[in-house]
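# Chain and residue survey
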Amino acid sequence: MTAYVFKRLVALIPVLLGLSIIVFAIMALIPGDPALAILGAYATPENVARLNRQLGLDQPLPLQYLTWLGNILTGDFGRSYSLNRPVIDEVLERFQATLVLAGAALVLCTLWGVLAGIVAAVRQYGWADRIVTFIVLVGISIPSFWLGLLLILLFAVELRWLPASGMYSVYGGGDLPDLLRHLVLPAVTLSAVAAGVIARLTRSAMLEVLRQDFIRTARAKGVGERGVVYRHALKAAMVSVVPVIGVQAGFVLSGAVYIETVFQWPGIGRMLVNAISTRDILLVQGGVLVVAASYVLFNLCADVVQHLLDPRVQA
Amino acid sequence: MTSAAGIAPPAEAPPPARSAWRLILRNRLAAAGLVVLASIILLALVTPLLPLHPPNATAPANRLLPPFSDGHLLGTDHLGRDILARLMWGTRLSLAVGISATFIAALIGSVIGILAGYTGGRTDNTMMRGIDMLMAFPYILLALAIVAVLGPGLFNALIAVAIVNIPFFARNIRGATVGIVHREFIDAARLSGKGRLRILAADVLPNVLPVIVITMSTTVGWMILETAGLSFLGLGSQPPQADLGSMLGEGRRLLMNAPHVSYLPGLVIFLIVMSINLLGDGVRDALDPRLRAGALARPAPMTAIDRTDMGTDVAPVDAPLSVDHLTTQFRLGSDTHHAVNEVSLSLGRGECLGVIGESGSGKSVTALSLAALVASPPGVIAGGRVLLHGSDLLSKSARELRKVRGRDVAYIFQDPLSTLHPQFTVGDQLVEAIRAHRHMSRAAAWAEAVRLLDLVRIPNPRGRARAYPHELSGGMRQRVGIAMALANAPEIIVADEPTTALDVTVQAQVLDLMDELRRDRDTAVLFITHDFGVVTQICDRVAVMYAGRIVETGPTRQVLEDPAHPYTRKLIDCVPVLGSGRRRFDAISGLPPAANRLPRGCAFAERCELADAACRAGPIAMHEIAAGRQARCVRPLAGTS
Ligand code: SF4
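None of these values were measured; they are calculated from a predicted model.

Conventions and cut-offs
Residues numbered from 1 in each chain as written. Chains lettered and ligands numbered in written order. Predicted model: local features only at pLDDT ≥ 70, side-chain atom pairs only at ≥ 80, totals over all residues. Heavy atoms only, no water. Helix = DSSP H or I, 4+ residues; strand = E, 2+ residues; numbered from the N terminus. Buried < 20%, exposed > 50% of the residue type's maximum accessible area, 1.4 Å probe, protein only. Contact = heavy atoms within 4.5 Å. Areas by Shrake-Rupley, 256 points an atom, 1.4 Å probe, with all protein chains shown as cover. Lys, Arg positive; Asp, Glu negative; His and termini not counted. Charge placed at Lys NZ, Arg CZ, Asp CG, Glu CD. Phe/Tyr/Trp six-rings, centres within 6.5 Å; stacked < 30°, edge-to-face > 60°. Lys NZ or Arg CZ within 6 Å of the ring centre and 35° of its normal. Near = heavy atom within 4 Å. Nonpolar A, V, L, I, M, F, W, Y, C, P; charged D, E, K, R; others polar. Buried area = accessible area lost by both parts, 1.4 Å probe. Salt bridge = Lys/Arg side-chain N within 4 Å of Asp/Glu carboxyl O. Polar contact = N/O pair within 3.5 Å; in protein donor to acceptor, adjacent residues only side chain to side chain. Expected span 1.5 Å × (residues − 1). Pairing = 2+ DSSP bridges. Axes fitted to C-alpha atoms, helices over the stretch in contact; angles between N-to-C directions. Domains from an automatic or database assignment. Core = buried A, V, L, I, M, F, W, Y, C linked by side-chain atoms within 4.5 Å.

Here the focus is the overall build of chain A. A count of helices and strands for chain A gives twelve helices and two strands. The linear arrangement of helices and strands in chain A, starting from the amino end, is α-α-α-α-β-β-α-α-α-α-α-α-α-α. With respect to the three principal axes, the spread of C-alpha positions in chain A is 85 × 55 × 35 Å. Per-residue burial over chain A gives 52% buried out of 315 residues. Considering only contacts within chain A whose residues lie at least 6 apart along the sequence, 73% involve residues at least 24 apart. Here chain A displays about 14200 Å² of accessible surface, and carbon together with sulfur accounts for 68% of that area. Charge-centre separation for chain A: the mean point of 23 positive side chains lies 12 Å from the mean point of 18 negative side chains.

Turning our attention to the packing of aromatic side chains. Evaluated as defined, the whole model comprises twelve aromatic pairs over all chains. With centroids separated by 4.7 Å and ring planes inclined at 20°, the aromatic side chains of Phe 145 of chain A and Phe 232 of chain B adopt a geometry described as stacked. Note that Phe 145 of chain A is positioned in helix 7 (residues 144-158) and Phe 232 of chain B in helix 7 (residues 196-232), a pairing that runs across two chains. Taking relative accessible area as the criterion, Phe 145 of chain A reaches 1% and is therefore assigned buried. These aromatic residues form a ring-pair network of at least three members: Phe 24, Tyr 65 and Trp 68 of chain A. Note that Arg 130 of chain A overlies the ring of Trp 127 of chain A, its terminal NZ or CZ placed 4.6 Å from the centroid. Residue placement shows Lys 235 of chain A over the ring face of Phe 424 of chain B; its charged tip is 4.5 Å from the ring centre.

Residues and elements named next belong to chain B. Note on placement: Arg 86 falls in helix 2 (residues 83-119). Relative accessible area serves as the criterion here: at 4%, Arg 86 is assigned to the buried category. In this view, Arg 86 contacts Pro 55, Asn 56, Asp 77, Arg 81, Pro 240, Ala 242, Met 247 and Glu 250; residues no more than four positions away in its chain are not counted.

Right, let's talk about the site of the ligand for a bit. Inspection of the region around the ligand gives His 565, Pro 566, Cys 602, Ala 605, Cys 608, Leu 610, Ala 611, Cys 615, Cys 633, Val 634 and Arg 635 of chain B as its neighbouring residues. Its residues placed into classes, the shell around the ligand shows nine nonpolar, one polar and one charged.

Counting residues at the interface gives 85 residues for chain B and 81 residues for chain A. Each partner contributes to the roughly 7300 Å² buried at the junction of chain B and chain A, and carbon and sulfur atoms together form 70% of this total. Linking chain B with chain A are two salt bridges, by the criterion used here. Where chain B packs against chain A, one counts 19 residue pairs in polar contact (both at pLDDT 80 or more). Residue composition of the side of chain B that touches chain A, grouped by class: 57 nonpolar, 15 polar and 13 charged.

On to the pattern of salt bridges, then. This model, assessed by the stated rule, comprises 31 salt bridges over all chains. Ionic pairing is found between Arg 94 of chain A and Glu 90 of chain A, a salt bridge with its closest N-O pair at 3.1 Å. In this pair, Arg 94 of chain A and Glu 90 of chain A both sit in helix 5 (residues 87-122), four residues apart, roughly one turn of the helix. Glu 90 of chain A matches Arg 94 of chain A in its accessibility class, with the two residues each being buried. Taking the shortest distance from any N to any O, the salt bridge between Asp 324 of chain B and Arg 385 of chain B comes out at 2.9 Å. Here the residue Asp 324 of chain B occupies a position in strand 2 (residues 321-332), and Arg 385 of chain B occupies one in strand 5 (residues 379-388), the gap between them amounting to 61 residues. Look at Asp 324 of chain B and you get buried, because its relative accessible area is 2%. Each of Arg 85, Glu 90, Glu 93 and Arg 94 of chain A takes part in one network of salt bridges that share partners.

Residue and element names in this part refer to chain B. In this model, helix 4 (residues 139-150) (twelve residues) spans 17 Å end to end at C-alpha, consistent with the 16 Å of a helix rising 1.5 Å per residue. The element helix 4 is largely enclosed, with a buried count of eleven among its twelve residues. Taken residue by residue, helix 4 has Tyr 139, Ile 140, Leu 141, Leu 142, Ala 143, Leu 144, Ala 145, Ile 146, Val 147, Ala 148 and Val 149 as its buried positions. Gly 151, located one to two residues past helix 4, shows a positive phi value of around 95°.

Our focus in this paragraph is the sheet that holds strand 8 (residues 492-496) of chain B. All names here are of chain B. Spatially, 7-8-9-4-10-11-13-12 is the arrangement adopted by the eight strands of the open sheet, whose pairing is mixed. Looking at which strands have only one partner, the edges of the open sheet turn out to be strand 7 (409-412) and strand 12 (623-626). Averaged over neighbouring strand pairs, the angle between their axes works out to 25° when direction is ignored. Sheet topology places strand 12 next to strand 13 (residues 629-631); three bridges connect them, and they run antiparallel. In the strand pairing of strand 13, Ala 626 is matched with Arg 629. Lying over the sheet, helix 21 (residues 566-574) contacts strand 10 (541-546) and strand 11 (549-555), oriented at roughly 105° with respect to strand 10.

With that settled, consider the domain arrangement of chain A. All names here are of chain A. If you check the domain split of chain A, you get domain 1 (2-73) and domain 2 (90-309). Summarising the inter-unit geometry, the C-alpha centres of domain 1 and domain 2 are found 33 Å apart. Facing the 15 residues of domain 1 at the interface are 13 residues of domain 2. Roughly 1300 Å² of surface becomes buried between domain 1 and domain 2 when both sides are summed, with 82% attributable to carbon and sulfur atoms.

With that settled, the discussion passes to the nonpolar core. Ranked by size, the top nonpolar core spans 170 residues in total, and within it Val 204 and Ile 272 of chain B carry the most contacts. Top contributing element to this core by residue count: helix 10 (residues 225-262) of chain A, with 17 residues. With near-sequence residues (within four places) excluded, Ile 272 of chain B lies in contact with Leu 37, Ile 40, Thr 91, Leu 95, Ile 224 and Leu 244 of chain B. Core analysis: the next-biggest nonpolar cluster, separate from the first, contains 62 residues, Val 450, Ala 483, Ala 495 and Val 535 of chain B among them.

Structure (C-alpha cells):
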C-alpha cells in the first residue's frame, strides 16, 4: 500500500509541473505590459524598463518560468496589488473557507448520491426509481446559481429559518453552530449537481454488480436479500463509484465559484471573480494554481481509497 | 414483451412488460423534452418578428412592475425594461453562444482527436498528455483563467467555455478514431495511394461523425449553463447586452423586493438544459440494445415463477430430491427461449447423479432452477415442481427459500474467481455461509471456517482464511467453493461444472476430494458436467441432456457401455480416452437446434443418421428400455422393452 501511494505521489510530479506550465503560459499570454499596468498610464519609459528588469520580464520565457517556479516552490506567489498583501496569505485564507464549503458539499453529495442510487437500483422501475431518476435529471439540469437564489428566497426570505449569506453572523457570531447555520444553504446547493451524477452512477454500478456471478453465489449460500444488496453488491459497486467522487470534487470546486458569489461566502471562488474584475493577475494565478493542485491531490486520495476497497489491484 | 403481461409475478420480480412500459415512458419524457426544446428554439428564431417592446428601452416610470401588469406580461426590471422582451432576446443570445461554443469545441477537439488517433505513436502520446493536463483542472477554473487573460466579455466567455470543453471531444473522438484506424477500408484507402488529408476527410471523418454528434448533444447543455454562469458572475455579456445569465446576475440584487426579475431567466435556462438532457437520455436509452434485452434489469432474489403445468408424477418417498417436469424459459421480448423442457429426475440419499450435455443443453439452467437461482428477468420457471422430501421448493416465498439455500441444498459453481466475492477474504465468505443458517458468534464461526478449510485439505488453513480469492490458485479456490457448500452439512449438493476451469491433475484431486467427502457424509450430489470422464469417476447414475430435455438416463456403467440414444452413442464416441479431460463435441456434425426454435419432434433428428418421418412427427416420450434405464428415442440402440 505505501509503495502504491509513493508511486502515485511520484507520478504526481509531472502533472503538477504541467499545471504550473499551463498557468504560467496563460498568464504570459496576457496582452499589454504588466509593468505599465502596475505603474499606471503616466509612467516614464525608463521606469517601465527598470521595473521590467526588476520583475525579470526582460529574460527569455523559459528562464522566467524557472524563476517563477522557484518562487512558487518557496511559497512566494508575489504581491496582490489590489489588496496590497502577499498573494499566498490571501489565497490560503480564502481557500480555507472554500474547503469548508466544498468539503461539506462533497460529503452531502456522496451521502445522498449513493443513497439515492441504491434506492433507485433496488426499486428498479418502481416509483422510487422513477422519482429518483427525475430528481437527478432536475439536479443536473438546474443552474446552481439559480437554485441558490430560490433556496435563499424560500428559507431565508420567506421562512427566515437560515441566514442568506456570509460565513458568520456579523454580530455575536463566530462559533461552530453559527458557521453550520450559514453553511446549510450553500452546501446543499453546491451538492445538487454532483449528487445527481453520483446517484446515476451508483444506480448503474449496482445494477451491473447485481448480475455478477458472486451475487448468485451469495444467494445460493442463503444470504438474505439485504445482505446481498448492502454487503455484497454495494461493496463491489463502490469500487467504480469512488473514483467518480474524486472527479466530482472538481465539479464541486468549480461550482463553488458560483455558490460563493450567490451566498457571499468569503472563499477562493469569489476572490478569483473579484481578482479578474480588478485585473489582479498574480492573485488569479495563485488562486488557480492552489485550487488545481488541491484537486489533483484529492483525486489521488480517491484512487487510494479505491485501491483499499479492491484488494485485487493492490500494488 | 407482451407474453408475461397480466401474470402475477412473485414479490419483487418485475415482469419484462414493465420494462417495456418504462422505455415508452422514458421516450415520452424524451418527446416532452423535444417539444419544449423545439418551441424554445422556434421562439428564439422568430423573436425579431414579434411585436415586443424593445428589450433595452428603459422607462423609469414603470420600474419593477410585477408580472401580468398592463402591457408588460412578465413585468419590468429596475430600469423599467420589459422582462418578456428581454427574456426572449436573452434566450436567443444564450442559445447562440452555447451552440457556437459547442461547435467550436467540437471542431477543434475533433481535429485533435482524429489527428492523434490516426497518427498514433509519439504524436498521439504528447497530444493526449496535454489533454490530460487540461482535464486536471477543475472545470470552471480554467475558464476563469482564460477570461482573466482575455478580459470579461461575452465573446471571451464563449471562447473560454469552448476551450474548456475541447478535451472531452478530443478524448472521445480519438477513441473512436483508434477503433477504426486499423480496419480494412482504411488500409485499402492507404494502399490506393490517397493522400493523408483525403483519407481523414473521406474515410475517417464520416465514421467518427456519430461520436462527434453524440458528444455534442451531451455537452451542449453544459455549455449553455457555463456561459450563462460566466455572465452571471459578470464575466460574460456586458450591459446593455444581456443574455439569460447576466439578467439573472442583475436580478439577484433585487431578490428581496422583486424576485421575478431573477427567477424568470433562471427558469428559462433550466427549461432549456432540462429539455436537452431529457432528449439526450431518452434517445440514448432507446438506442441501448442492452436495455431492450432486459440485460440491465436487476435480477430478483428468486427466479420468476409462472407455472402453467404443475407436473404429475408422484414423488418417490425415499428420494430427498425429485424434480418433476421442470420447465425453465428465458423470455426476451416476444421471443421465448426454451432452456429446460419438462425435466424430471430424482436423487436418492447419498447418490451422485451426473447430468451431462453440451453447453447450451440446459444442464446448468436445470441446476440453477432447483433453488430458483436463474437470473430473472429474463428467466422464468414455467412449469413443474422441485420436491425436497415431498415439499415443493418452487411454491415457497423468497424468504422461505433463503432458508433452504445453503442449508438443505448447497451449490458449488464453476470458476470460483468470478463466483467468490473479490473483496472479501475466503474466511469471511465462509463465516457468512455458516452464519446465514446457524446462530454462532463470529469467533466460533471463524474457527468453524478454518476447520472447513482444513477439511478440504487446504494447507495452512488458519493463514489462508485471511486470503482474498485472487491470492489463491485455481485448485485452492475451488476447494474453498467446496468448503462453502459443506458449511451447513447439506443433504444435497448441486455441483455446476466445478472442475471445468481446472487443469487435469488438479481436476482429479478435486474430484477425489468431493467423492470422499460425499461418501463420508452420505451427501447426495447432482453433478453437472460436459465430461464423460468425470461422470465415470464420480457418478452412480447419469442423465444425458440435449436441447433442454433429458434424452437418456440410467446407471453410469450401463449407459456408457451400451448407450441407447444415438446422441449418447456419439457423445461417447467423441471421448478418445476416458478421463483424459476434454472431449470433442464438435466431432458430431451439425448444430443443436436454437432454443427459441425447437422442432416439434426429436430435437436430435437433424444430426441423427437413423432419423425418419416418425422421429419428426411429434414429441417423443421417454421409454423404459430396461430396468432403471430410459431413453427418448423411437428406435433406441439398446434394450428392447
Ligand atoms: S428419435 Fe429418431 S431422430 Fe431422434 S434420436 Fe431417435 S432415431 Fe434419432
